[in-house]
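So the chains spell out like this:
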Amino acid sequence: ILLSYNPEKYKSPKPLIQIGALVPGIPLKCIFELECLDTSAVDQEIEIQVLPSQLEDVLRETDRLESDVNFSALVMSRVTMPQSSLL
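Here is what the cut-offs are and how they apply
Every chain is numbered independently, its residues counted from 1 as its sequence is written. This being a predicted model, a pLDDT of at least 70 is required before a residue's local features are given, and a value of 80 or more before pairs of side-chain atoms are given or counted; all residues contribute to the totals for chains, interfaces and linings. Remark: hydrogens and water are excluded; side-chain values derive from all non-hydrogen atoms of the structure. Put simply, DSSP H or I for four residues or longer makes a helix, DSSP E for two residues or longer makes a strand, and each gets a number counted from the N terminus. For every residue, the accessible area obtained with a 1.4 Å probe (protein chains only) is divided by the maximum for its type, and the residue is called buried under 20%, exposed over 50%, and partly exposed between those limits. What makes two residues a contact is simply this: any of their non-hydrogen atoms within 4.5 Å. Pairing between strands requires that DSSP locate at least two bridges from one strand to the other. Only C-alpha atoms enter the line fits that serve as axes; for helices the fit covers just the stretch in contact. Angles between N-to-C directions range over 0 to 180 degrees. Whenever two N or O atoms come within 3.5 Å, that pair is a polar contact, provided that in protein one can donate a hydrogen and the other can accept it, and provided that, for residues adjacent in sequence, both atoms are side-chain atoms. We define a salt bridge as a contact between a side-chain nitrogen of Lys or Arg and a carboxyl oxygen of Asp or Glu at a distance within 4 Å.

Asker: What should I look at first to understand the side chain of Ser12 in this one?
Answerer: Tracing the backbone through its elements, the reader meets Ser12 in the loop between β2 (10–11) and β3 (35–36). Overall, the relative accessible area of 9% leaves Ser12 in the buried class. Among residues more than four places away in sequence, those in contact with Ser12 are Leu3, Tyr5, Glu33 and Leu34.

What follows is the structure, encoded as C-alpha cells:
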C-alpha cells in the first residue's frame, strides 16, 4: 500500500507498507504517519494506492519510490487533506 503526496507539502517516514495478502471480507488496518510541512496548504490531495506485489518488490529493492517499470494500482483512493490550522 503506497501513500503518494506532494513532497513540498508533506513528509512521511514510511510511505510504503507491505502486507502479506488481501483477503476478501477480512478488514485490514494500516496507519500512515503524514506530517504537513506547509501550514498554509489548502485542499491538497494525497493518494492511497494498493499496488501489485511485483511493484512492491521493485520499490523495496531500489529503496526509492520510483521505477522504470510501468504498473497500475489495483485500487486507488484520493483524499483531500484539511488545512493544517484547522487541526
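Asker: Where do I start with the sheet that holds strand β1 (residues 2–4) in this structure?
Answerer: For sheets, the rule is that strands pair by backbone hydrogen bonds, running either parallel or antiparallel. Pairing is antiparallel across the open sheet formed by three strands, whose spatial order is β1-β4-β5. For this open sheet the edge positions go to β1 and β5 (75–81), each flanked by a neighbour on one side alone. The sheet shows a mean angle of 20 degrees between the axes of neighbouring strands, direction not considered. Of the pairings in the sheet, the one linking β1 to strand β4 (residues 44–50) comprises three bridges and is antiparallel in character. Paired with Leu3 across the strands is Ile48, a residue of β4.

Asker: Which parts of the structure should I look at to understand the side chain of Glu47?
Answerer: Mapping Glu47 onto the fold places it in strand β4. Given the relative accessible area of 18%, Glu47 is considered buried. Engagement of the side chain of Glu47 in a polar contact is seen with the side chain of Gln49, the distance being 2.9 Å. Reaching out from Glu47, the side chain makes a polar contact with the side chain of Arg78 at a distance of 3.0 Å.

Asker: I would appreciate a short explanation of the environment of Ile46 in the present structure.
Answerer: Among the structural elements, Ile46 can be located in strand β4. Overall, Ile46 belongs to the buried group, its relative accessible area being 6%. Measuring from C-alpha to C-alpha, the distance between Ile46 and Ser77 comes to 8.4 Å, with 31 residues separating the pair along the chain. Once you skip the residues sitting within four places of it in the chain, Ile46 turns out to touch Leu3, Ser4, Tyr5, Tyr10, Leu34, Ser77, Arg78, Val79 and Met81.

Asker: Quick question: what am I supposed to make of the pattern of salt bridges here?
Answerer: Pairs can form between side chains of opposite charge whenever their charged atoms are close. As enumerated under the stated definition, the model contains four salt bridges in all. Two residues, Arg78 and Glu45, come together in a salt bridge whose shortest N-O distance is 3.8 Å. Here Glu45 lies in strand β4 and Arg78 lies in strand β5, a separation of 33 residues in the sequence. Here Glu47 ties to Arg78 by a salt bridge, and the two come within 3.0 Å at their closest N and O atoms. Here the residue Glu47 occupies a position in strand β4, and Arg78 occupies one in strand β5, the gap between them amounting to 31 residues.

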